[in-house]
Amino acid sequence: EYKSRDIVGYFKKTRALRSTRQAEPWRPWRMFLELHVRFKFNSVELTPYAKINLDEFGKSMLDPTLKGQNFIISGHTCDLGSENYNLNLSRLRAESVKDYLMFKYGINSNILLTEAFGESRPYDPRKTQAARAANRRVEFELKP
């Protein structure tokens, strides 16, 4: 679990690290924060535990250090189901998180961008129940 101060510190460090990598423009710098926003199978509904973590993220976005920064919310699924279905489900998961942050914290929709990856970027590639549960998630990235 993260607290808002940890999230602010993480993305502040990410910005500093990113600026040191500009000498290698061919290598994209992407640093993700997996905030333990997980979903039940075939669901876009936020769990109570996910809301606790999103509340910390929402508070961090109100911090002067991150205020006005753009974030990418990436939706992911496990490998069960068709590729097209999972791609759409991951988009809906990212949108569910975006909506929560917009409505609860008044965050401008223009600074929250969404991406959908379906099952293409597993957190854990194993075919176990626990691995599949870990893959049903969203991740956050400070937009370059």
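Refer to the structure printed above.
Residues numbered from 1 in each chain as written. Predicted model: local features only at pLDDT ≥ 70, side-chain atom pairs only at ≥ 80, totals over all residues. Heavy atoms only, no water.

Undergrad: Account for the packing of aromatic side chains, with residues named and values stated.
TA: Applying the stated criterion across every chain, the model contains five aromatic pairs. Between Y10 and F11, the ring centres sit 5.1 Å apart and the planes meet at 85°, which makes this aromatic pair edge-to-face. You'll find Y10 and F11 in the same group, each marked buried. Cluster of aromatic residues (ring-pair linked, three or more members): Y10, F11, F57, F71 and F140. A cation over a ring is seen here: R38 above Y123, with NZ or CZ 5.7 Å from the ring centre. (Phe/Tyr/Trp six-rings, centres within 6.5 Å; stacked < 30°, edge-to-face > 60°. Buried < 20%, exposed > 50% of the residue type's maximum accessible area, 1.4 Å probe, protein only. Lys NZ or Arg CZ within 6 Å of the ring centre and 35° of its normal.)

Undergrad: An account of the nonpolar core is needed here, citing residue identities and associated values.
TA: F11, V37, F57, V97, L101, L112 and F140 are the most contacted members of the largest nonpolar core, which totals 28 residues. Taken together, the elements giving at least two residues each to this core come down to α1 (4-20), β1 (32-38), α2 (48-61), β2 (71-75), α3 (83-105) and β4 (137-142). Element by element, the count of residues in this core is highest for α3, at six residues. Once residues lying within four places of it in the same chain are set aside, the contact partners of V37 are L46, A50, L54, V97, R136, R137, V138 and F140. (Core = buried A, V, L, I, M, F, W, Y, C linked by side-chain atoms within 4.5 Å. Helix = DSSP H or I, 4+ residues; strand = E, 2+ residues; numbered from the N terminus. Contact = heavy atoms within 4.5 Å.)

Undergrad: Which residues make up the pairing of strand β3 (residues 112-116), and what are the values?
TA: By the bridge criterion, five bridges tie β2 to β3 in an arrangement that is parallel. Bridge pairing in β3 places F71 opposite L112. As a crossover connection, the stretch from β2 through α3 into β3 is right-handed. (Pairing = 2+ DSSP bridges. Right-handed = clockwise from strand over helix to strand, strands pointing away.)

Undergrad: Give me the lowdown on α3, citing residues and values where you can.
TA: For α3, spanning 23 residues, the distance from its first C-alpha to its last is 33 Å, which sits close to the expected 33 Å at 1.5 Å a residue. When we look at burial in α3, the residues that qualify are N86, L89, S90, R93, A94, S96, V97, K98, Y100, L101, M102 and Y105. Against the buried residues of α3 lie β1, α2, β2, β3 and β4. (Expected span 1.5 Å × (residues − 1).)

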